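Observations on chain architecture
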Amino acid sequence: MRQTFIGLFAVVLLAGMVGCSGGALTTREKGAGIGAIGGAAVGGIIGAAVGAPGIGAAVGGTLGLGAGVLIGDQLQGQEQKQTDQQRQINTNQAELDRQRREVEELKKQKEY
């Protein structure tokens with residue numbers, strides 16, 4: 001049982017190191033990692049209760065990974081939508097500022 005947990009920990013550690021070599025993690029990747037680790041831990045505990053911790057950890061990790069990816073994908077989509085909305089707000093604000101300057105220039109020209 002101890003060897004199973006050590007092996008599982010080594011695989012998770014190696015996967016984490018390889019997965020992080022490409023730069024910052026996206027929200028989807030973070031969700032997948034958290035889900036896989038959490039699922040493997042819970043699956044290992046449940047599996048230990050019935051006498052098969054390795055199988056429990058593998059099944060739990062797989063299910064946790066899937067759930068984590070789905071949740072992370074939803075969160076990443078919301079972040080992207082917020083980014084797009086903020087970009088549009090900034091564009092609109094820049095246009096309003098330009099129009100205000102133009103109105104002020106027209107007012108100055110009428111004064112002369």
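Scope of this entry: the structure provided in the associated data block. No experiment lies behind these values; they were computed from the predicted model shown.

This part is about helix α3 (residues 53-111). Its 59 residues give α3 an end-to-end C-alpha distance of 85 Å, which sits within 8% of 87 Å, the value for a rise of 1.5 Å per residue. When we look at burial in α3, the residues that qualify are Pro 53, Gly 56, Ala 57, Gly 60, Gly 61, Gly 64, Gly 68 and Gly 72.

All right, on to the pattern of salt bridges then. A complete count under the given rule lists six salt bridges for this structure. Taking the shortest distance from any N to any O, the salt bridge between Asp 73 and Arg 28 comes out at 2.6 Å. Taken together, the residues span a long stretch of sequence, with Asp 73 in helix α3 and Arg 28 in helix α2 (residues 27-50) at a distance of 45 residues. Since its relative accessible area comes to 32%, Asp 73 is described here as partly exposed. Owing to a relative accessible area of 35%, Arg 28 belongs among the partly exposed residues under this scheme. Of the charged contacts, one joins Glu 104 and Lys 107 as a salt bridge, the two residues approaching to 3.9 Å between their closest N and O atoms. Taken together, the residues span about one helical turn, with Glu 104 and Lys 107 both in helix α3 at a distance of three residues. For Lys 107, a relative accessible area of 47% puts it in the partly exposed group.

One way to put it is that α2 packs onto α3 with a least axis distance of 5 Å and a crossing angle of 155 degrees. The orientation of α2 relative to α3 falls into the category roughly antiparallel. Crossing of α2 against α3: the hand is right-handed. By residue class, the composition of the contact of α2 with α3 is nine nonpolar, 14 polar and three charged.

As a further point, take α2. With 24 residues, α2 ought to run about 34 Å at 1.5 Å a step, and its terminal C-alpha atoms sit 34 Å apart, in line with that. Of the positions making up α2, those classed as buried are Thr 27, Gly 31, Ala 32, Gly 35, Gly 39, Ala 40, Gly 43, Gly 44 and Gly 47. Gly 51 sits one or two residues past α2 and shows a positive phi near 95 degrees.

Looking now at the environment of Gly 35. Locating Gly 35 in the fold gives a position in helix α2. Measuring from C-alpha to C-alpha, the distance between Gly 35 and Thr 62 comes to 8.6 Å, with 27 residues separating the pair along the chain. Excluding residues that lie within four positions of it along the chain, Gly 35 makes contacts with Gly 64, Leu 65 and Gly 68.

Parameters at a glance
- Residues numbered from 1 in each chain as written.
- Predicted model: local features only at pLDDT ≥ 70, side-chain atom pairs only at ≥ 80, totals over all residues.
- Heavy atoms only, no water.
- Helix = DSSP H or I, 4+ residues; strand = E, 2+ residues; numbered from the N terminus.
- Expected span 1.5 Å × (residues − 1).
- Buried < 20%, exposed > 50% of the residue type's maximum accessible area, 1.4 Å probe, protein only.
- Salt bridge = Lys/Arg side-chain N within 4 Å of Asp/Glu carboxyl O.
- Axes fitted to C-alpha atoms, helices over the stretch in contact; angles between N-to-C directions.
- Parallel < 35°, antiparallel > 145°, perpendicular 65-115°, else oblique.
- Left-handed = near helix turned anticlockwise from the far one by under 90°.
- Nonpolar A, V, L, I, M, F, W, Y, C, P; charged D, E, K, R; others polar.
- Contact = heavy atoms within 4.5 Å.

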